[in-house]
Every structure is written in structure tokens, then in C-alpha cells.
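Below are the chains, spelled out letter by letter.
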Amino acid sequence: PLLCLVPAGALEYEVLRLLHISSNDRGKLDDFHGSGRIEELSWHYFLDMLQILGPAFVKLGQWAGTRRDLFSAYFCDHLSMLHSNVNTHAWEHTHAALIKAFGINYSEQLVIKDVIGSGSSAQVYKGTLHGSEVAVKVLHPGIVKAVERDLFLMQQVAVLVDSLP
């Protein structure tokens, strides 16, 4: 996953390919640049890569998105999308987690309505339990191992950086 950081030229090539623009017809790309779409695609790419890297990296991005004292408002505004717009997991995982927590007949007590958000480690559903509205938070599958892996990677990078003169 660390190979997801690519030079801008490679991203531009990918955009050209996605837009079906040949390298001989760069005038179309100039129009695209002027529209701000390259920048928008770059941000989506960056946010997707944080999610691919893992939950600890998403959490780091979420933290950075709250630090307007350290980063520009522009940067923070984009990173703030990581607070509730992280990729969701499949309903099958949620269903299995609910069965494990409440038993096979959980739907007699708990009615799950809609996903109201998904973050770095879990997603939240709106539900009803015995007639009262509740929020149900379900951890993403494999979250413990993913966080352990992310922290190991971060530790290895820190050791590498610390060894530099």
C-alpha cells in the first residue's frame, strides 16, 4: 500500500487515460485544468489512499483535519471529509456482528434503519431498540489487525527517519 504515493505526472497520465484524451490533444487537458477538476480528482485520490493505507492513517488524517492552527483551512476542509465519509463495510458483516452481540433473533429487539456515518474504525447506524431511537456502532471487519499493522508500519517509518543524519 505504500506505493500509492505517486508523482504528479503519473496522476496526470492517469487522468488523461480516464478522460480518453490522447497525449497529442493536450488542449483538452488545459480546459480540464482550468475547471479545477484535476485538483478535485487529486483530493479524492489522496483521501482514497489514506483509506487504503488503513484506519490509523485515516485517524491521522482526521486529526490533521481538525488542526487549523497547524494547517490551512483549505487543507483541513478537505481532510474533514474523513470524519464521516469513510468507505462503509458490507451489511453481511454488520448482520454477523449483531447476531454475535444479541443472538440470532436480534431483530425482535433491535431494528436497524440507516447508516448515518462511517469513520476510521466503525460505522454507525440509526436504529430502534424497544421503541427508543438508538445509535448502533459496529466495528469494521479486521479492525484490530489493521490498526496493529498500521502502528507497526508507522513505527518502522519512525525508526527509519530517526536513523537519518
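Only a predicted model underlies this, so the values are computations on that prediction, with no experimental measurement involved.

1. Some thoughts on unusual backbone geometry
Logical step 1: Even without glycine at this site, H130 takes up a positive phi of about 55°.
Logical step 2: With respect to the element layout, H130 can be found in the loop between β2 (122-129) and β3 (132-139).

2. Considering the sheet that holds β3
Logical step 1: As summarised here, the arrangement of the three strands in space is β1-β2-β3, forming an open sheet in which the pairing is antiparallel. Strands at the two margins of the open sheet, each flanked by one partner only, are β1 (110-118) and β3. Across the sheet, the mean angle from the axis of one strand to that of its neighbour is 30°, orientation sign disregarded.
Logical step 2: Alignment of β1 against β2, held across seven bridges, turns out to be antiparallel. By the bridge assignment for β2, V111 is matched with T128.
Logical step 3: Where helix α6 (residues 91-102) meets the sheet, its contacts fall on β1, β2 and β3, and the angle it forms with β3 comes to roughly 110°.

Thresholds applied
- Residues numbered from 1 in each chain as written.
- Predicted model: local features only at pLDDT ≥ 70, side-chain atom pairs only at ≥ 80, totals over all residues.
- Heavy atoms only, no water.
- Helix = DSSP H or I, 4+ residues; strand = E, 2+ residues; numbered from the N terminus.
- Pairing = 2+ DSSP bridges.
- Axes fitted to C-alpha atoms, helices over the stretch in contact; angles between N-to-C directions.
- Contact = heavy atoms within 4.5 Å.

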